[in-house]
Amino acid sequence: MIIFAVTKEGFRELEAVIVTGKYPVWIGSNVLSESELASYREMDLDITNFSYEIDPANNEELDDALATIAEHHPNERVWLECRP
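Residues numbered from 1 in each chain as written. Predicted model: local features only at pLDDT ≥ 70, side-chain atom pairs only at ≥ 80, totals over all residues. Heavy atoms only, no water.

J.: Would you mind going over the overall build of the chain with me for this structure?
T.: When helices and strands are counted, the chain shows 4 helices and 4 strands. Taken from N to C terminus, the helices and strands of the chain fall in the order β-α-α-β-α-β-α-β. Computed over C-alpha atoms, the radius of gyration of the chain comes to 12 Å, within 12% of the 12 Å expected from 2.2 N^0.38 for 84 residues, which places it in the range of a compact globule. Dimensions of the chain along its principal axes, counting C-alpha atoms only, are 30 × 25 × 20 Å. Per-residue burial for the chain yields a buried fraction of 33% across its 84 residues. Partitioning the intrachain contacts of the chain with sequence separation of at least 6 by distance along the chain shows that 48% fall at a separation of at least 24. Of the roughly 5000 Å² of accessible surface on the chain, a fraction of 46% belongs to carbon and sulfur atoms. (Helix = DSSP H or I, 4+ residues; strand = E, 2+ residues; numbered from the N terminus. Rg over C-alpha atoms; globule rule 2.2 N^0.38 Å. Buried < 20%, exposed > 50% of the residue type's maximum accessible area, 1.4 Å probe, protein only. Contact = heavy atoms within 4.5 Å. Areas by Shrake-Rupley, 256 points an atom, 1.4 Å probe, with all protein chains shown as cover.)

J.: Hey, could you run me through the pattern of salt bridges in this one?
T.: Oppositely charged side chains are able to pair whenever their charged atoms sit close together. Tallying each qualifying case throughout the model produces 3 salt bridges. For Glu15, the salt bridge goes to Arg12, with nearest N and O atoms at 3.5 Å. A relative accessible area of 24% means that Glu15 is categorised as partly exposed. The exposure class assigned to Arg12 is partly exposed, which follows from its relative accessible area of 33%. Arg12 serves as the salt-bridge partner of Glu36, at 2.8 Å between the closest nitrogen and oxygen. Residue Glu36 is found in helix α3 (residues 34–42), and its partner Arg12 is found in helix α1 (residues 8–13); the two are separated by 24 residues along the sequence. When salt bridges with common partners are traced through the structure, they connect Lys8, Arg12, Glu15 and Glu36 into a single cluster. (Salt bridge = Lys/Arg side-chain N within 4 Å of Asp/Glu carboxyl O.)

J.: Is there a simple way to think about the environment of Glu9 in this case?
T.: Following the sequence through the fold, Glu9 ends up in helix α1. Note on Glu9: relative accessible area 54%, which makes it exposed. Counting along the chain gives 49 residues from Glu9 to Asn58, while the straight-line C-alpha distance between them is 17 Å.

J.: What am I meant to see in unusual backbone geometry here?
T.: Glycine aside, negative phi is the norm for most residues, and most peptide bonds take the trans geometry. Phi at Asp44 is positive, roughly 65°, even though this residue is not glycine. Its identity is not glycine, yet Asn75 carries a phi of approximately 65°, on the positive side.

Here's what the structure looks like:
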């Protein structure tokens, strides 16, 4: 399973699962600050951040991001925080 959080609130809701390090995590650029991201990476967590913000209400942006994640994690299930 891959966790894809597009807001800080979504990330925080799954933080207990994320910090287990069992699952790769993908986030938009606005989800964590640079210092927060560094802190999680120091915990050896597999967190990939997009270089741009992802609007959870924009289906095209979500689809593009999901396609990118699928390229890196073929045949993996992706948990998506929200989809309007």
